[in-house]
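The chain contents come next:
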Amino acid sequence: MAKTQDFTAIMKDMMGAFPVDTTAMEGAFKSTASLNEKLSGVALEAAEKSAEISNKWTKDTLAKLSEMSKAKAEPADYAKAATDFASASAEVAAENMAAFAEIAKKVQTETVELLMAAGKDVAEETTAAVKKATNEVTTAAKKAATAK
């Protein structure tokens, strides 16, 4: 009967022959986690402000509806109340939409700033890693040349 090979030992030997510097991966993970934290903060802040605007808008609308639904003495007063409600609602809608637009603008600006900063950091880290690798290869080549 044939004996099965132990691939664990083979894999250990193979991985040992190719040493890997995990500091670059750790740094990338930390950078990514930091960027995600900042982006999440921007998104959560925007969601909170949007919820506040929506909540206030709803309360204001309900208060105006309450006022409009009260009994009136004259039939013309109902038409006036409906017109006043529609006019006030349109004005408030414009204000709230402008507030939502400001939130979206701020989110966009902060996101672009974060991504630009992250891109700059990645470029600097890549440059440093390439420089380090070049120095190591040059040193190894010099050692190999002097060993002959």
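Along each chain, numbering runs from 1 in the same order as the chain's sequence is written. Where totals are concerned, whole chains, interfaces and linings use all residues; where local detail is concerned, this predicted model gives features only for residues with pLDDT of at least 70, and gives and counts side-chain atom pairs only at 80 or more. Side-chain measures were taken over the full set of non-hydrogen atoms in the model, leaving aside hydrogen atoms and water.

A. Looking closely at a nonpolar patch on the surface. Within the patch definition used here, like charges are joined within 9 Å and nonpolar side chains (Val, Leu, Ile, Met, Phe, Trp, Tyr) within 5 Å, considering only residues with over 30% relative accessible area and no salt bridge. To be clear on the numbers: accessible area is Shrake-Rupley with a 1.4 Å probe, and residue cover counts the displayed protein chains and nothing else. Any carboxyl oxygen of Asp or Glu within 4 Å of a side-chain nitrogen of Lys or Arg constitutes a salt bridge here. On the surface, a cluster of nonpolar side chains totalling about 630 Å² of accessible area is made up of Phe7, Ile10, Met11, Met14, Met15 and Phe18. For Phe18, the position within the fold is in the loop between helix H1 (7-17) and helix H2 (23-68). Strands here mean DSSP runs of E at least two residues long; helices mean DSSP runs of H or I at least four residues long; both are numbered from the N terminus.

B. How the structure looks around the pattern of salt bridges. All chains considered together, the criterion is met by 6 salt bridges. Between Glu45 and Lys106 there is a salt bridge, and its shortest N-O distance comes to 2.8 Å. Here Glu45 is found in helix H2, whereas its partner Lys106 is found in helix H3 (residues 75-147), with 61 residues between them in sequence. Relative accessibility thresholds used throughout: buried, under 20% of the residue-type maximum; exposed, over 50%; partly exposed, between the two (1.4 Å probe, protein chains only). Given a relative accessible area of 31%, Glu45 falls into the partly exposed group. With a closest N to O distance of 3.0 Å, Lys56 and Asp60 form a salt bridge. Taken together, the residues Lys56 and Asp60, both in helix H2 and 4 residues apart, mark about one turn of the helix. With a relative accessible area of 52%, Lys56 lands in the exposed category. Exposure remark for Asp60: the relative accessible area of 26% places this residue in the partly exposed category. The structure contains a network of salt bridges with shared partners spanning Glu45, Lys49, Lys106 and Glu110.

C. A look at the confidence of the model for the chain. The pLDDT averaged across the chain works out to 86; a share of 94% of its residues lies at or above 70. H1 is the least confidently modelled element of the chain, averaging 75 in pLDDT, while H2 averages 91, the highest of any element. What pLDDT conveys is the predictor's confidence in a given residue, as a value from 0 to 100.

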